[in-house]
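Residue-level listing of the chains:
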Amino acid sequence: MRAYWGKGLRGEMNVTLAFVRSFGEKRECVLEMACASCAQVYADGKLVAFGPARAAHGMARRMRYALPPCKTVAVLVAGYRCNSFWLLGEPPFVALRLLRGDEEYTATDFVCVRLDDRVQKVARFAYQRPFSESYVFDGRRDALLRGECGGYPSVSLEEVSLPELLPCRTGEPRMRFHAAETLLEEGTVSSDASLPVWRCRVHYNVGKELDGFPIGEWQDAPTDDASRFVYNRGGEGKYLLYDFGRAITGFVRLKVRAGERATVYILFDEIVWDEQEGASRDCRNICFYRNETGNVVKWRLSSGEYTLTAFEPYSMRYLKIVVFGGAAVEEAGIIDYENPDADRFSFEIADGKIAGILQAAVETFRQNAVDLLTDCPSRERAGWLSDSWFSSVAERLFTGGNRAEESFLENYVYASRKGLPEGMVPMCYPADNYDGTYIPNWAMWYILEIYKNAKETGSRAAADAARGNIEGLLTFFGQYENEYGMLEDLENWVFVEWSAANDADHIRGVNLPSNMCWARCLDCAAELYGVPELSQKAERIRRAVVELGFDGVYFSDNCVRGEDGRLHATGLKTEVCQYYAFWFGVADREHFASLYRDLKENFGPFRAAGYRPEISPPNAMYG
């Protein structure tokens, strides 16, 4: 394959090109593609694919899509060139190979145009994701998807460097249309120019740690518009609020009949919620910025009939459509973007409540494991360590394999270390590191996941490939060892759990949950690579944790140096620290029977108010 991009456009951010090829008759075909940043694939105007699966810096994955019988293939490629946690800020390119029977076509056999109906200079969607979407449509887009490219600026291609190509290890994403059928409410909309607009770090950090366009350069600001919407107090606009019944991730699609100068917005979220207590109850509110995301897409339309499809996958249960200027929404829905392999998992449970919880788990997994394991399909779509340990367990249960985890772990073999200390691995990847932040605990969970993968799959492939990374981590953490072999004064973002366990006074000095986890990591590395002295070091750490941190009833969260230079327990205690002790083999039911019984009978989700107030409660455990 050979890589191309628009001549003179490679240095620009947020450029979208279309590669279109039409034929005289419908035939099945196969499209092979690699690109940066991402692409939608249409067959006779129908969205059939999105990709590619993600790879490390300087690499890309070769995708293969079996297309239905069609006359026209259109590949819409967005070159963001913008750092993010979701898509890397790599130089844009596209490489295409279309097979129709014995015929073969490459990118230079397609008509290439620039989609100037997508507004280029807009805000980022989120701190973790690149650009938001705003469009000015005049009928050209629907025509282009039918093979009629007239009206768009023609683009000359130049050959660019092709990154190293890796195979795609996951299946073709499932893409089914879900109609928005449950209309919760409808009403009127007006705009109040006196209302403030939403701003946050997504906007202010551009030019500092974030790539993007500064506020003064924006050509449109859909979230500014949405900030000023006032509902059910008169006005020329109308809104429709739909409920999909559950959260779905995918591409919103509307069919709209528009009059002159019509404008259509979609606002979406997973809940209906008002930011301020006592806020106006004139409607059920969609707080589009609840997660510091700009959950708004805007289309300005000339008169005509349109099929409007969002370019990026978004997550929502609730979809609010706001219309100004005489447009009528004739159909609304979302094309899901999900892991296809979970369909292999089936279950029958008589208890409807438990069945519902399990089904929610399956749906959550599907949306978080399309091309690799991610922490959420909405705000970030990022491949975080530690979360991946847990979701890989779900993948094996729901699919019978670990294809998404394979891709995730393979990316870590080639991961960029830019901005990180020697030996450390990124906290999430593929992602651009904005400021040198890393989580030492997540590097520990990386070791645990490599070990689990080897044990559960029966293959050493991932462990052998990761050996250099793990040896680097052993060296990195070695610089923090104290006289007990424990890790002391760990730096950067030390992360135990979203509760008091993560407070600065709990993690300073020798953080005991971190050391409990580290001891287990040493055991795993010892077994994986045949280094028994690592297990000896692990046992020494466990003994020290009990000796220094256990007061006979509970474990303290940390130890710090006293004036005598010796380590002393702080007495700060959290519920999660007690769990860590059992999870990682520092405590067991036999030798810590009283603590085990106490945790089982008196703590957890049914802990009585006021019980052991000196033991700070946990939050929802990550993963």
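Just above, that's the structure.
Let us look at the structure shown here. (Residues numbered from 1 in each chain as written. Predicted model: local features only at pLDDT ≥ 70, side-chain atom pairs only at ≥ 80, totals over all residues. Heavy atoms only, no water.)

To continue, consider the packing of helix H5 (residues 387–399) against helix H6 (residues 403–413). At a minimum axis separation of 9 Å, H5 and H6 run at an interaxial angle of 150°. Of the possible angle classes, the one that applies to H5 and H6 is roughly antiparallel. Here Ser388, Ser392 and Glu395 of H5 lie close against H6, whose contacting residues are Arg403, Ala404, Glu405 and Phe408. A per-class count over the contact of H5 with H6 returns two nonpolar, two polar and three charged. (Axes fitted to C-alpha atoms, helices over the stretch in contact; angles between N-to-C directions. Helix = DSSP H or I, 4+ residues; strand = E, 2+ residues; numbered from the N terminus. Parallel < 35°, antiparallel > 145°, perpendicular 65-115°, else oblique. Contact = heavy atoms within 4.5 Å. Nonpolar A, V, L, I, M, F, W, Y, C, P; charged D, E, K, R; others polar.)

An order of E21-E22-E23 is seen for the three strands of this open sheet, with the pairing classed as antiparallel. Of all the strands in the sheet, just strand E21 (510–511) and strand E23 (567–569) have a single pairing partner and so form its edges. Where E21 and strand E22 (residues 558–561) come together, two bridges link them in antiparallel fashion. Note on E22: the bridge partner recorded for Val510 is Cys559. (Pairing = 2+ DSSP bridges.)

The next point concerns helix H12 (residues 575–583). Helical geometry note: an α-helix holds 3.6 residues per turn, so side chains three or four residues apart project in the same direction. Counting buried residues along H12, seven of its nine residues qualify, which places the element largely inside the surrounding structure. Looking at H12, one finds that the buried residues are Glu575, Val576, Cys577, Gln578, Tyr580, Ala581 and Phe582. Buried residues belonging to H12 abut helix H10 (512–529), strand E24 (573–574), helix H13 (593–602) and strand E25 (615–616). (Buried < 20%, exposed > 50% of the residue type's maximum accessible area, 1.4 Å probe, protein only.)

A separate point is the packing of aromatic side chains. All chains considered together, the criterion is met by 51 aromatic pairs. Ring geometry for Tyr135 and Phe137: centres 5.3 Å apart, planes at 55°, overall tilted. Like Tyr135, the residue Phe137 is buried in the burial classification. Ring geometry for Phe477 and Trp518: centres 4.6 Å apart, planes at 45°, overall tilted. With Phe477 in helix H8 (residues 461–478) and Trp518 in helix H10, the pair connects residues that are 41 residues apart, well separated along the chain. Ring pairs connect the aromatic residues Trp389, Phe390, Trp445, Tyr579, Tyr580, Trp583 and Phe584, which therefore count as one cluster. The residue whose ring lies beneath Lys320 is Tyr239, and the NZ or CZ to ring-centre distance is 5.0 Å. (Phe/Tyr/Trp six-rings, centres within 6.5 Å; stacked < 30°, edge-to-face > 60°. Lys NZ or Arg CZ within 6 Å of the ring centre and 35° of its normal.)

What follows deals with unusual backbone geometry. At the junction of Ala36 and Ser37, the peptide bond is cis and its omega measures out at 15° in the coordinates. Inspection of the secondary structure assignment puts Ser37 in the loop between strand E2 (15–36) and strand E3 (38–43). Residues Gly51 and Pro52 are joined by a peptide bond in cis, for which omega reads 5°. Here Pro52 shows up in the loop between strand E4 (46–51) and strand E5 (59–79). With a phi close to 55°, Glu292 is a non-glycine residue in the positive phi region. The topology assignment puts Glu292 in the loop between strand E16 (262–269) and strand E17 (296–301). Look at Glu292 and you get partly exposed, because its relative accessible area is 30%. A positive phi angle, close to 60°, is found at Asp489, a residue other than glycine.

Before going further, it helps to spend a moment on the nonpolar core. Ranked by internal contacts, the top residues of the largest apolar core, which has 116 residues, are Leu267, Ile450, Phe477, Met516 and Phe555. It is H10 that contributes the most residues to this core, 12 residues altogether. Apart from the residues within four sequence positions on either side, Phe477 is in contact with Met424, Pro440, Ala443, Met444, Leu487, Leu490 and Trp518. (Core = buried A, V, L, I, M, F, W, Y, C linked by side-chain atoms within 4.5 Å.)

As a further point, take the pairing of E16. Of all eight residues in E16, eight are buried; the element is thus mostly enclosed. Direction of pairing for E16 relative to E17: antiparallel, over a ladder of six bridges. Of the residues in E17, the one forming a bridge with Tyr265 is Lys298. As paired strands, E16 and strand E19 (residues 314–324) are joined by seven bridges and run antiparallel to one another. Each residue of the ladder has a partner; that of Ile266, found in E19, is Ile321.

As a further point, take the side chain of Ser227. Positionally, Ser227 belongs in helix H3 (residues 222–227). Sequence-distant contacts of Ser227, that is, excluding residues within four places in its chain, are made with Leu195, Pro196, Val197, Trp198 and Phe288.

Tallying each qualifying case throughout the model produces zero disulfides. Note on Cys38: no disulfide assigned, nearest cysteine sulfur contributed by Cys35 at a separation of 6.7 Å. (Disulfide = S-S within 2.5 Å.)

A separate point is the pattern of salt bridges. Inspection of every chain in the model, using the stated rule, returns 48 salt bridges. In this structure, Glu270 engages Arg290 in a salt bridge whose closest nitrogen and oxygen atoms are separated by 3.7 Å. On the criterion of sequence distance, the pair formed by Glu270 in the loop between E16 and E17 and Arg290 in the loop between E16 and E17 is long-range, its members being 20 residues apart. Assessed through its relative accessible area of 27%, Glu270 is described here as partly exposed. The shortest N-O distance in the salt bridge between Lys573 and Asp551 comes to 3.3 Å. Linking Lys573 in strand E24 with Asp551 in the loop between helix H11 (532–549) and E22, this pair joins segments that are 22 residues apart in sequence. The exposure class assigned to Lys573 is buried, which follows from its relative accessible area of 12%. What emerges from the salt-bridge pattern is a single network uniting Arg174, Arg246, Glu338, Asp343, Glu363 and Arg366. (Salt bridge = Lys/Arg side-chain N within 4 Å of Asp/Glu carboxyl O.)

What follows deals with the environment of Ile349. You can see Ile349 is positioned in the loop between strand E20 (328–336) and helix H4 (352–368). Residues Ile349 and Leu157, 192 residues apart in the sequence, show an inter-C-alpha distance of 57 Å. Not counting residues up to four positions away in its chain, the partners in contact with Ile349 are Ile354, Ala355 and Leu358.

With that settled, the discussion passes to the packing of H6 against helix H7 (residues 440–457). Taken N-terminus to C-terminus, the directions of H6 and H7 make an angle of 130°; their axes are 12 Å apart at the nearest point. Comparing their axes, H7 and H6 come out oblique. Remark: the crossing between H6 and H7 carries left-handed chirality. The residues of H7 that touch H6, namely those facing Glu405, Phe408, Leu409 and Tyr412, are Tyr446, Glu449, Ile450, Lys452 and Asn453. Here the contact of H6 with H7 is built from residues that sort into five nonpolar, one polar and three charged. (Left-handed = near helix turned anticlockwise from the far one by under 90°.)

Keep in mind that these numbers describe shape and distance, not what the molecule does.
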